[in-house]
Amino acid sequence: MKHENLRIGNGYDIHRLVENRKLILGGIEIPFEKGLLGHSDADVLVHAIMDALLGALSLGDIGCHFPPSEPEFKDISSLKLLEKVYSLIKSRNYIIINIDSVIQAEKPKLKDYIPYMKQAISGILEIESDKISIKATTMEGLGPIGEGNAIASSAIALLIKM
């Protein structure tokens, strides 16, 4: 395997928590009194994964592909956007080797939801769920995330050219 056929990318996203919004993480709805504020469903995990995938192929970021100024993306499911990103990967003859991600959230506790997130994301990306790692951590009460005002996520993706 030639090293130039391997591509790695990283992504990061953060959104403010607000009332009167559903909390969507990893493509699933999580019961909570607040949700993430954004033009789309504001799914920080899927957004970080998309940016990692786009970054691996030097294709810019999700803002370039899905501008928040465009009405067609208002309240759209981030899984639908992930489908579009995955089609860009396939059109360039790459496959995903693995994705490693972290969600930073003080609340809610996410451990029980992670298998469902992996299932939703792996279904879109046509990879086994064991090729997707999703971890959750708190910020120990520090900063806007630790104070319960935001949730963030980071992701790294490794791709190989077929």
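Just above, that's the structure.
These lines cover the structure that appears in this document, whether it is placed above or below. (Residues numbered from 1 in each chain as written. Predicted model: local features only at pLDDT ≥ 70, side-chain atom pairs only at ≥ 80, totals over all residues. Heavy atoms only, no water.)

1. A look at the overall build of the chain
Phase 1 of the analysis: The secondary structure content of the chain amounts to 5 helices and 7 strands.
Phase 2 of the analysis: N-terminal to C-terminal, the α/β element order of the chain is β-β-β-β-α-α-α-β-α-β-α-β.
Phase 3 of the analysis: For the chain, the C-alpha radius of gyration of 15 Å lies close to 15 Å, the compact-globule estimate for 162 residues.
Phase 4 of the analysis: The principal-axis extents of the C-alpha atoms in the chain amount to approximately 45 × 35 × 25 Å.
Phase 5 of the analysis: With 162 residues in all, the chain has 44% of them scored as buried.
Phase 6 of the analysis: Counted over contacts in the chain with a minimum sequence separation of 6, partners at least 24 positions apart contribute 72%. (Helix = DSSP H or I, 4+ residues; strand = E, 2+ residues; numbered from the N terminus. Rg over C-alpha atoms; globule rule 2.2 N^0.38 Å. Buried < 20%, exposed > 50% of the residue type's maximum accessible area, 1.4 Å probe, protein only. Contact = heavy atoms within 4.5 Å.)

2. Remarks on the packing of aromatic side chains
Phase 1 of the analysis: In total, this model carries 1 aromatic pair according to the counting rule given.
Phase 2 of the analysis: Centre to centre, the rings of Phe66 and Phe73 are 5.4 Å apart; their planes meet at 80°, and the pair counts as edge-to-face. Each of the two residues, Phe66 as well as Phe73, counts as buried. (Phe/Tyr/Trp six-rings, centres within 6.5 Å; stacked < 30°, edge-to-face > 60°.)

3. Quick look at the pairing of strand S7 (residues 150-161)
Phase 1 of the analysis: Judged from the 11 bridges that link them, strand S1 (residues 6-18) and S7 form a sheet pairing that is antiparallel. Along S7, the bridge assignment pairs Asn10 with Ile156.
Phase 2 of the analysis: Examined bridge by bridge, strand S5 (residues 94-104) and S7 share 10 bridges and lie antiparallel to one another. Bridge pairing in S7 links Ile103 to Ser153. (Pairing = 2+ DSSP bridges.)

4. Notes on helix H3 (residues 78-91)
Phase 1 of the analysis: Taking 1.5 Å as the rise per residue, H3 with 14 residues should run 20 Å; its terminal C-alpha atoms sit 20 Å apart, in good agreement.
Phase 2 of the analysis: Against helix H1 (44-56), S5 and helix H4 (114-125) lie the buried residues of H3.
Phase 3 of the analysis: If you check the start of H3, you find a side-chain oxygen 3.1 Å away from the backbone N of Leu79, and it comes from Ser77.
Phase 4 of the analysis: Phi for Asn93, located one or two positions after H3, is positive at around 65°. (Expected span 1.5 Å × (residues − 1). Polar contact = N/O pair within 3.5 Å; in protein donor to acceptor, adjacent residues only side chain to side chain.)

5. A closer look at the side chain of Asp13
Phase 1 of the analysis: By secondary structure assignment, the location of Asp13 is in strand S1.
Phase 2 of the analysis: Buried charge without a salt bridge: Asp13, with Arg21 as the nearest opposite-charge side chain at an N-O distance of 10 Å.
Phase 3 of the analysis: At a separation of 3.0 Å, a polar atom in the side chain of Asp13 contacts the side chain of His15.
Phase 4 of the analysis: Of note is the side chain of Asp13, whose polar atom sits 2.9 Å from the side chain of His47. (Lys, Arg positive; Asp, Glu negative; His and termini not counted. Salt bridge = Lys/Arg side-chain N within 4 Å of Asp/Glu carboxyl O.)

6. Looking at the pattern of salt bridges
Phase 1 of the analysis: As enumerated under the stated definition, the model contains 6 salt bridges in all.
Phase 2 of the analysis: One salt bridge in this structure joins Asp75 and Arg21, with 3.4 Å as the shortest N-O distance. Of this pair, Asp75 sits in the loop between helix H2 (62-65) and H3 while Arg21 sits in the loop between S1 and strand S2 (23-25), and the two are 54 residues apart along the sequence.
Phase 3 of the analysis: For Lys22, the salt bridge goes to Glu29, with nearest N and O atoms at 3.9 Å.

7. Observations regarding the side chain of Asp51
Phase 1 of the analysis: Looking at where Asp51 falls in the secondary structure, it is placed in helix H1.
Phase 2 of the analysis: Buried charge Asp51 goes without a salt bridge, the closest partner of opposite sign being Arg7 at 14 Å.
Phase 3 of the analysis: The contacts of Asp51, once residues within four sequence positions are left out, are Asn10, Gly11, Tyr12, Asp61 and Ile62.

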